[in-house]
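Coordinate analysis (summary)
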Amino acid sequence: MIAVYYIMVCLALLVLQTAVVPYFAFLEGLYDLTACLVIYLGLFRPVREGAAVVLAMGFIMDTLSGAPFGLYLISYIWLFIGIRWVIGYLRVANTLLLPLALVSGILLQSGIFLTAVTLLDPSAAIAPTGLKLLAEQALWALTTGLLLLGFFGYTRDRWMRFVHGRLQRNGNP
Amino acid sequence: MFSKKAVILLGLIALFVVSIVALTVSSRMHPTSHGIGQGGIAVVGPFQQAFTQSVRFVRGLWEHYFFLVTVAHENEELRRELARSQEMNHRYRELEMANQRLRKLLHFREAIPRQVLSAQVIGKDPSPWFKTVMIDKGRADGVDVGYPVVVPEGVVGQVTDASTHYAKVLLIIDKNNAVDGLVQRTRARGIIQGAAEGRCTFKYALRKHDIEVGDTIISSGLDGVFPKGLRVGRVLEVIKRDAGIFQEIEVVPFVDFETLEEVLVVLNMPAREYGAHP
């Protein structure tokens, strides 16, 4: 049942990112919203649950994007691993370290992309534009990322409560 | 002496006569005010006034209330009507603009001597690092990988992936895209490749060729993808360094990729000119 929730969330994020956000010019520097979901999964969900979603989402993003196939998948896997590694040492899920972890995660993912783009075409002078974009993304992540994380947590809890309620009404414990 | 009936009859007749006389007399008298009448008026008047005013107040309140309610309803209805009109006006304007765009597309379509398919842009690349768009036509409509995509303003890109009903188009502003091009004025050849900030570079143009700012770059047709003669962009900057055999040319595409809504996919590419595709 949790799979249904993640399918809905992923679809919503994808539509938001590819069909809604492009209409608003001021959101041009917005970070990858699905990366935020990866960070949420890394921080708050068990590895098995998170890994499955990360793999599926990376694959879908790769099919939608013009990026070399596998770039999204790789970036998400590294992001997920990075987050899991960090929470092994630090209590990130508190209010002080959470924004830091969020911004670091977004920058890590964008950094992977920037590196890949630079490696693909070393002659292309993308560094100034790329760095500006990274700064914009960090700012967006700092201002809106926590809300998105909160949204994932809240909607997931509501969904699970709804599903359990339905199961109990149908006589299944 | 008289019966009871006779007394009553006489009384009635007397009353009748008195009445006639009294009326006759009073009707002949001049109407002057007198004390009893004034006293009566003075006593009754305030009550009458109070009652009348109360009735008028209530009636006024009632009528105004209903009037206001009616006005409020009318106002609400008018507001709704205004909103409807504004919405319709907006829709008409939108339709008019779509009509103009589609007319332009149709004229352009007629100008291309090949079969073309119009498609709507339904999504953009999720990554800001790569430039692709999704269109609502796929293999079921005859779209396949490698097919060129154009608009009246110029070249858009080429199909890099296609599912049954949708296709992904790699835009010419993406670094992975390249179009064989010509400078329209001097016929100097080069490769147009995507660059940063929605621009392109015209690569491998020899230093000896005369290329100026403002020159138009068109597709040469030699890449086997894009038909010859389609507009690609305008030269923005020409840099000739001291060393090197090529010049560096920055090109601004004619197509505004931010506002791209409808595109044309060129379908029937002759094997002679486009040997790479069926």
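To be clear, the structure that these remarks concern was listed above.
Attention in this report is confined to the structure presented alongside it. Owing to the predicted nature of the structure, the values given are computational and were not obtained by experimental measurement.

Another aspect to go through is the interface of chain A and chain B. Counting from both sides, the interface comprises 29 residues of chain A and, opposite them, 17 residues of chain B. Interface area for chain A against chain B, summed over the two sides, is near 1,800 Å², with a carbon-plus-sulfur share of 64%. The largest per-residue losses of area from chain A upon contact with chain B belong to A:T18, A:L64 and A:G66, which jointly make up 23% of the total buried on that side. Put simply, chain A and chain B have zero salt bridges between them. In this assembly, chain A and chain B are joined by seven residue pairs in polar contact (both at pLDDT 80 or more). Those elements that place two or more of their residues in the side of chain A that touches chain B are α1 (2-20), α3 (47-64), α4 (71-89), α5 (97-120) and α6 (127-169) of chain A.

Checked against the element boundaries, B:E262 lands in strand β12 (residues 262-266). Sequence-distant contacts of B:E262, that is, excluding residues within four places in its chain, are made with B:R101, B:L102, B:L105, B:A119, B:Q120 and B:V151.

Another aspect to go through is the packing of α1(A) against α3(A). A pair of packed helices is captured by two measures, namely the crossing angle of their axes and the spacing between those axes. Residue and element names in this part refer to chain A. Two numbers describe how α1 lies on α3: the axes approach to 11 Å, and their chain directions differ by 35°. Crossing of α1 over α3 shows right-handed handedness. Contacts between α1 and α3 involve I2, Y6, C10, L14 and Q17 from the former and E49, V53, M57, I60, M61 and L64 from the latter. Grouping the amino acids of the contact of α1 with α3 by side-chain chemistry returns nine nonpolar, one polar and one charged.

So, on to the pairing of strand β4 (residues 154-162) of chain B. Residues and elements named next belong to chain B. The buried fraction of β4 is high, at seven of nine residues. As judged from the four bridges shared by strand β3 (residues 148-151) and β4, these two strands associate in the antiparallel manner. Across the sheet, residue V151 finds its bridge partner in β4, namely G154. Linking two consecutive strands that pair antiparallel, namely β3 and β4, is a turn of two residues. Across five bridges, β4 lies against strand β5 (residues 167-171) in antiparallel orientation. Looking at β5, one finds that D161 is bridged to K168. Connecting β4 to the next strand, β5, in antiparallel fashion are four residues.

What counts, and where the lines are drawn
- Residues numbered from 1 in each chain as written.
- Chains lettered and ligands numbered in written order.
- Predicted model: local features only at pLDDT ≥ 70, side-chain atom pairs only at ≥ 80, totals over all residues.
- Heavy atoms only, no water.
- Contact = heavy atoms within 4.5 Å.
- Buried area = accessible area lost by both parts, 1.4 Å probe.
- Salt bridge = Lys/Arg side-chain N within 4 Å of Asp/Glu carboxyl O.
- Polar contact = N/O pair within 3.5 Å; in protein donor to acceptor, adjacent residues only side chain to side chain.
- Helix = DSSP H or I, 4+ residues; strand = E, 2+ residues; numbered from the N terminus.
- Axes fitted to C-alpha atoms, helices over the stretch in contact; angles between N-to-C directions.
- Left-handed = near helix turned anticlockwise from the far one by under 90°.
- Nonpolar A, V, L, I, M, F, W, Y, C, P; charged D, E, K, R; others polar.
- Buried < 20%, exposed > 50% of the residue type's maximum accessible area, 1.4 Å probe, protein only.
- Pairing = 2+ DSSP bridges.

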